[in-house]
Amino acid sequence: MKQLTARFLGQGLMARVLRSTSWLILGYGSSQALRLAANLILARLLFPEAFGLMALVTVVTVGLSLFSDVGIGPAIAQNPRGDDPDFLDTAWSIQVFRGAALWALTALLAWPLAQFYNSPELIYYLPIAGLGLVIAGFNPTRIETAHRHLLVGRVTMLDLAAQAIGVGSMVLLAWVSGSVLALVLGSVIQAGAKLILTHCYLPGHRNRFQWDPSAAKELIHFGKWIFLSTAFWFLTSQGDRAILGKFISLETLGVYNIGFFLASFPMLLGHAVNQRLMIPIYRNKPAAASASNRKKQRQLRACLTGGVLVLLLAMAWPGPWLVDLLYDPRYAQAGAMMVLVSLALIPAVITMTYDQAALAAGDSRSFFVFTASRALLQTTLFLFATMAYGLAGGIVTLGLSMLLAYPILIWLAQKHQVWDPLHDAFFALLSGLIGFGAVLWHQEALRELVQTLAP
């Protein structure tokens, strides 16, 4: 017990890793608990079509954010000048101007997208949702500085406080209005709460507008591949809903959005920890430097993968029962969707730690090659599978595309000496056996889903 306490209380890298991991898991778990509670309440105050419409709004706002991401967070995390005030102020200035441009784009795209999806409400909802992007542009770089040094406790608490304010606003507005507008305004209120809380209660450098040519050059050089990578990441993370919005009803899209939310939270937890944790680990303890570093990375990778897979498979097995317990019959199909989505995400979870090694080394080009390859494979397969086999066929391609992109990920991992084939084979075999059992257990619900949503 004393040794464990010493590991947490020290100032070394592993002590900060343990503390940061604990905070990230606590923060993400609490965040998902808030989301679930709000989701359950809103599902009774609103209707499935509301969640489908909000899914389209989210596709657009997240898509614009990803299509314009220049990698300010990773740049601050990995750059030697990551604590330089001139570098931070230049990054913040770019971020502010980007947020304003994103709002203008949401306003310009509102009418064409309303026509494309045959949802006239988007004309009004998208410009309102875009205000959240403007507000987020003013978030202080102190957030990224805290993550750079693995000091995330206060950031986590402020994030949770902002989310609680946003969620509470959504529920109150939904109770008063019974409208989708409650979801849109709640997200804007949450962005405003986070801005105020982090500016008031997060210590560190106070940002101001500045343009340092050398800092801008470094940010743009690193960010050009991040920009392209995140544009393709949009296809990976939101492409399914962007495609489904054209092929299925808003009601079915809303049910799918709930099923995906319930099934994917373990993977999203893994990504949250992975993105904030692995870059400092790879940067400060590179695998090429010593056998000890490689061993520590393997241990950390195995713990992260194992923990997330346990949660993911735990969502697959009770999926239909859990949905029946939590939601009314309008959302029943989300249970079978949970099973398929959970199993389809297994390949991504097993391999999720490798790409961060490229970012830690400043190799954003290799990161882009992998991200773009996976995104193009997934989007193409999802589109054609949905057209040919319906929603269930599209979900299956989420896992198949990652398997097809795996050779490219091996190339990236070998380039930075982090590939661990035994890790991949062990977890693939174990999760494959357990996942197959889940399919057999829920075969009737899955068969009904395939038949009901066939094209």
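Residues numbered from 1 in each chain as written. Predicted model: local features only at pLDDT ≥ 70, side-chain atom pairs only at ≥ 80, totals over all residues. Heavy atoms only, no water.

Considerations on the overall build of the chain
Next up, step 1: Counting secondary structure elements, the chain contains 20 helices and 0 strands.
Next up, step 2: By its C-alpha atoms, the chain is 55 × 50 × 45 Å across when sized along the principal axes.
Next up, step 3: Taking all 455 residues of the chain together, the buried fraction comes to 55%.
Next up, step 4: Pairs at least 24 residues apart make up 82% of the contacts formed inside the chain by residues separated by at least 6 positions.
Next up, step 5: Surface exposure of the chain reaches about 19,800 Å², of which carbon and sulfur atoms provide 70%. (Helix = DSSP H or I, 4+ residues; strand = E, 2+ residues; numbered from the N terminus. Buried < 20%, exposed > 50% of the residue type's maximum accessible area, 1.4 Å probe, protein only. Contact = heavy atoms within 4.5 Å. Areas by Shrake-Rupley, 256 points an atom, 1.4 Å probe, with all protein chains shown as cover.)

With respect to a nonpolar patch on the surface
Next up, step 1: Taken together, Trp-317, Phe-426, Leu-429, Leu-430, Leu-433, Ile-434 and Trp-441 make up a surface patch of nonpolar side chains, about 780 Å² in accessible area.
Next up, step 2: Mapped onto the elements, Ile-434 comes out in helix α19 (residues 421-441). (Patch = residues over 30% accessible without salt bridge, like charges linked within 9 Å, V, L, I, M, F, W, Y side chains within 5 Å. Salt bridge = Lys/Arg side-chain N within 4 Å of Asp/Glu carboxyl O.)

A few points about the packing of helix α14 (residues 334-344) against helix α20 (residues 443-452)
Next up, step 1: Their axes nearest at 9 Å, the elements α14 and α20 cross at an angle of 100 degrees. In this view, α14 runs roughly perpendicular relative to α20, as classed from their interaxial angle. Counting all contacts with α14, which are made through Ala-336, Met-337, Val-339 and Leu-340, the residues of α20 involved are Ala-445, Leu-446 and Leu-449.
Next up, step 2: Tallied by class, residues from the contact of α14 with α20 come to 7 nonpolar, no polar and no charged. (Axes fitted to C-alpha atoms, helices over the stretch in contact; angles between N-to-C directions. Parallel < 35°, antiparallel > 145°, perpendicular 65-115°, else oblique. Nonpolar A, V, L, I, M, F, W, Y, C, P; charged D, E, K, R; others polar.)

So, the nonpolar core
Next up, step 1: Formed by 118 residues in total, the largest nonpolar core has its most connected members in Leu-42, Leu-122, Tyr-256, Leu-262 and Tyr-327.
Next up, step 2: Examining the composition of this core, we find that 16 residues originate from one element, helix α11 (residues 250-284), more than from any other.
Next up, step 3: Membership of the second largest hydrophobic core comes to 8 residues, among which are Val-155, Ala-162, Ala-193 and Leu-197. (Core = buried A, V, L, I, M, F, W, Y, C linked by side-chain atoms within 4.5 Å.)

Some remarks on the confidence of the model for the chain
Next up, step 1: Per-residue confidence for the chain gives a mean pLDDT of 86; residues scoring 70 or more make up 93%.
Next up, step 2: Mean pLDDT across the elements of the chain ranges from a minimum in helix α1 (residues 2-9), with 49, to a maximum in α19, with 95. (pLDDT = per-residue confidence, 0-100.)

Focus: helix α8 (residues 153-177)
Next up, step 1: Across its 25 residues, α8 extends 36 Å between first and last C-alpha, which sits within 8% of the 36 Å expected from 1.5 Å per residue.
Next up, step 2: Every buried residue of α8 is accounted for by Gly-153, Val-155, Thr-156, Leu-158, Leu-160, Ala-162, Gln-163, Gly-166, Val-167, Ser-169, Met-170 and Ala-174.
Next up, step 3: The positive-phi residue at the C-terminal boundary of α8 is Gly-178, with phi of around 65 degrees. (Expected span 1.5 Å × (residues − 1).)

Quick word on the packing of aromatic side chains
Next up, step 1: As enumerated under the stated definition, the model contains 10 aromatic pairs in all.
Next up, step 2: Taking 5.8 Å as the distance between ring centres and 55 degrees as the angle between the ring planes, the aromatic pair formed by Phe-232 and Phe-368 counts as tilted. With Phe-232 in helix α10 (residues 213-247) and Phe-368 in helix α17 (residues 364-389), this residue pair connects regions lying 136 residues apart in the sequence.
Next up, step 3: Between Tyr-256 and Phe-260, the aromatic rings sit 5.9 Å apart at their centres with planes inclined by 45 degrees, giving tilted as the arrangement. Here Tyr-256 pairs with Phe-260, and both are found in helix α11, just 4 residues apart, close to one helical turn.
Next up, step 4: Judged by relative accessible area, which is 0%, Tyr-256 ranks as buried. (Phe/Tyr/Trp six-rings, centres within 6.5 Å; stacked < 30°, edge-to-face > 60°.)

Notes on the environment of His-416
Next up, step 1: Relative to the assigned elements, His-416 resides in the loop between α18 (391-415) and α19.
Next up, step 2: The buried category is assigned to His-416, whose relative accessible area is 18%.
Next up, step 3: Placed 129 residues apart in sequence, His-416 and Ala-287 show a C-alpha to C-alpha distance of 7.9 Å.
Next up, step 4: The residues touching His-416, leaving out its near neighbours within four places in the chain, are Ala-357, Ala-358, Ala-361 and Asp-363.

A look at the side chain of Asp-420
Next up, step 1: For Asp-420, the position within the fold is in the loop between α18 and α19.
Next up, step 2: Residue Asp-420 is classed as buried on the basis of its relative accessible area, which comes to 11%.
Next up, step 3: Setting aside its immediate chain neighbours within four residues, Asp-420 contacts Arg-298, Arg-301 and Tyr-354.

Notes on the packing of α17 against α18
Next up, step 1: Taken N-terminus to C-terminus, the directions of α17 and α18 make an angle of 160 degrees; their axes are 8 Å apart at the nearest point. The angle between the axes of α17 and α18 places the two elements in the roughly antiparallel class. As for the relative orientation of α17 and α18, their crossing is right-handed in sense. (Left-handed = near helix turned anticlockwise from the far one by under 90°.)

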